[in-house]
Amino acid sequence: MKIIEGGVCAAKGFTASGVHCGIRKSRAKRDLALIVSEKRAAAAAVYTSNLVKGAPLTVTKNHIADGYAQAIICNSGNANTCNADGIEVAERMAALTGAALSLPAEDVIVASTGVIGQRLDIAPIAAGLPGLAASLGDTCEEAAEAIMTTDTKLKSIAVSFEIGGVECRMGGIAKGSGMIHPDLATMLVFLTTDCAIAPELLKKALSSDVKRTFNMVSVDGDTSTNDMVCILANGMAGNEPITAEGEAFDTFMQALNTLTVWLCRAIAADGEGATKLLECRVVGAKDEAAAKTAAKAVICSSLTKAAMFGADANWGRVLCAIGYSGADVDVTKTDVRFVSAAGEIAVCENGAGVDFSEELAKRVLSENEIDIVVTFHEGDGTATAWGCDLTYDYVKINGDYRT
């Protein structure tokens, strides 16, 4: 298993492109992305838990009901959510994409991100698609840029791994900066692989992984309407197809998790206005459920996030979050440590404060990546959650997001 270049174009048979078609006002910002597989691919996706869902999610769910797809079309700048003609527009996006690629519309995954409740005009998409299709290539940076909204950084990664002695590749791009909260968030994640795997196993792999990765990310406590993680597997690596759980499936899961954890950290670190990536690692819980509940609560706590912004070792806020989380834990057996590149410092043992150096604590919490390590001493349950600090800029960004 090794990290390689290429993102969603690293796997055999995948190309991508991104253009500015006119959905967004600034011509300097791309707003339409396309990812295409040379061959029809096994497909799987997971979606937001929000009851208000963007029209593209409904269309995509219907299109991949048979377990296959061949292309992904995504626009930024408009979420196509809460619109009377939303389904019609999403279906039209798929049809236009299919026509440009000589594919059935039903083999196109559709995604949108941006402002909610504003009608999405199909005209600029229709005008932009011929150029988008013509510019398909083996680099993914333009596509990664085209799906961004308030993101400040491209999020792209790929890995190489072996299945039965055959090299396979898997890559991904993502967008996500605000409205990030379990379960799923304003994130769009597109994954590609040339590994041959049956659709039902692909769906099982993605659904299982998401529970421990993307569902453990929070920036601001708001769950979006358009979140989707999807994966295409075209089998062009030539490995013996994975049709059952076992060693090959485990290797596939490891590759998938390598990508998703990296993307989780990248999304959390790029949270709106964020200056610090926060990772809460819970160990020693009674079970995984208790560990996940506690980790999520800590990473979602606005007071904890604000303390991390100010490099204030206010560990009581961590314990407070655990206390109201509903996790089945014994707080009298709880230890808390803060860890960063500057060192580590124990601030709580057995549910009570311990003497520590405020000067060292300040240095530890002044780094741009901080681990909050919680130990319960009650069992083998572990979990990790990712988030970011809460800064003045978060309010500035969201105070005029629509206008």
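Rules used in this analysis
Per chain, residue numbering runs from 1 following the sequence as it is written. Under the rules for a predicted model, residues below a pLDDT of 70 receive no local features and side-chain atom pairs below 80 are neither given nor counted, while totals for whole chains, interfaces and linings still include all residues. By convention in this description, side-chain values take in all heavy atoms of the structure and omit both hydrogens and water. Each pair of aromatic rings taken from Phe, Tyr and Trp, with Trp reduced to its six-membered ring, is defined by centres within 6.5 Å and is described as stacked if the planes are under 30 degrees apart, edge-to-face if over 60, and tilted in the remaining cases. Under the scheme used here, helices are H or I runs from DSSP no shorter than 4 residues and strands are E runs no shorter than 2 residues, and both carry numbers assigned from the N terminus. Two strands qualify as a pair provided DSSP detects at least 2 bridges between them. Only heavy atoms matter for contacts: two residues are in contact if any of them lie within 4.5 Å across the pair. A fitted line through C-alpha atoms serves as each axis, taken over the contacting stretch for helices, and the angle formed by two N-to-C directions is quoted from 0 to 180°. Within a predicted model, pLDDT stands for the predictor's per-residue confidence, ranging from 0 to 100. A pair is scored as a salt bridge if a Lys or Arg side-chain nitrogen falls within 4 Å of a carboxyl oxygen belonging to Asp or Glu. Buried, partly exposed and exposed residues are distinguished by accessible area as a fraction of the type maximum, computed with a 1.4 Å probe on protein chains only: under 20%, between the cut-offs, and over 50%, respectively. In these notes, a set of buried Ala, Val, Leu, Ile, Met, Phe, Trp, Tyr and Cys residues joined through side-chain atoms within 4.5 Å is what counts as a nonpolar core.

1. A short note on the packing of aromatic side chains
Inference 1: Tallying each qualifying case throughout the model produces two aromatic pairs.
Inference 2: With a centroid separation of 5.2 Å and an interplanar angle of 90°, the aromatic rings of Phe 309 and Tyr 392 are classed as edge-to-face. Of this pair, Phe 309 sits in helix α8 (residues 302–309) while Tyr 392 sits in helix α11 (residues 392–399), and the two are 83 residues apart along the sequence.

2. Examining the sheet that holds strand β15 (residues 381–388)
Inference 1: Overall, mixed pairing links the six strands, which are arranged β13-β12-β11-β14-β10-β15 in an open sheet. Looking at strand neighbours, the two that pair on one side only are β13 (352–353) and β15, the edges of this open sheet.
Inference 2: Where strand β11 (residues 335–340) and strand β14 (residues 369–375) come together, five bridges link them in antiparallel fashion. Its bridge partner lying in β14, Arg 337 is registered against Val 373.
Inference 3: Against the sheet, α8 touches β10 (277–285), β11, β14 and β15, its axis set at about 135° to β14.

3. Here we look at the confidence of the model for the protein chain
Inference 1: On average, residues of the protein chain score 92 in pLDDT, and 94% of them reach the 70 mark or higher.
Inference 2: Below pLDDT 50 for its whole length, residues 179–185 participates in 44 contacts with residues either more than four positions away or in separate chains.

4. Section: the pattern of salt bridges
Pairs can form between side chains of opposite charge once their charged atoms are near each other.
Inference 1: All told, the structure shown has 18 salt bridges when counted by the stated rule.
Inference 2: Across the salt bridge formed by Asp 85 and Arg 119, the nearest N and O atoms sit 3.0 Å from each other. One end of the pair, Asp 85, is in the loop between β4 (68–78) and α2 (86–101); the other, Arg 119, is in the loop between β5 (108–115) and α3 (123–134), with 34 residues separating them in the sequence.
Inference 3: Residue classification places Asp 85 among the buried positions, given a relative accessible area of 19%.
Inference 4: Overall, the relative accessible area of 56% leaves Arg 119 in the exposed class.
Inference 5: The closest approach of N and O atoms between Lys 155 and Asp 270, which form a salt bridge, is 2.7 Å. Here Asp 270 lies in the loop between α6 (247–269) and β10 and Lys 155 lies in strand β6 (residues 155–163), a separation of 115 residues in the sequence.
Inference 6: Via salt bridges that share partners, Arg 265, Glu 279, Arg 281, Glu 369 and Asp 371 belong to a single interconnected network.

5. Focus: the nonpolar core
Inference 1: Core analysis: the largest hydrophobic core is formed by 76 residues, its most contacted members being Phe 161, Leu 191, Phe 214, Phe 252, Val 282 and Phe 338.
Inference 2: Per-element accounting of this core gives the leading share, 10 residues, to α6.
Inference 3: Val 8, Ala 11, Ala 33 and Ile 109 belong to the second largest nonpolar core, which has 27 residues in total.

6. With respect to the pairing of strand β3 (residues 32–47)
Inference 1: Among the 16 residues of β3, 12 are classified as buried, and the element is accordingly described as predominantly covered.
Inference 2: Inspection of the sheet shows strand β2 (residues 14–19) paired to β3 by six bridges, in the antiparallel sense. Looking at β3, one finds that Thr 15 is bridged to Val 36.
Inference 3: Examined bridge by bridge, β3 and β4 share seven bridges and lie antiparallel to one another. Paired with Leu 32 across the two strands is Asn 75, which belongs to β4.
Inference 4: Both β3 and strand β9 (residues 228–233) contribute to a ladder of six bridges, which runs antiparallel. Residue pairing in the sheet places Ala 43 in a bridge with Leu 232 of β9.

7. Some remarks on the pairing of β15
Inference 1: Of all eight residues making up β15, six are buried, and the element is well covered by its neighbours.
Inference 2: As paired elements, β10 and β15 share seven bridges and run antiparallel to each other. Looking across to β15, one finds that Glu 279 is bridged to Trp 386.

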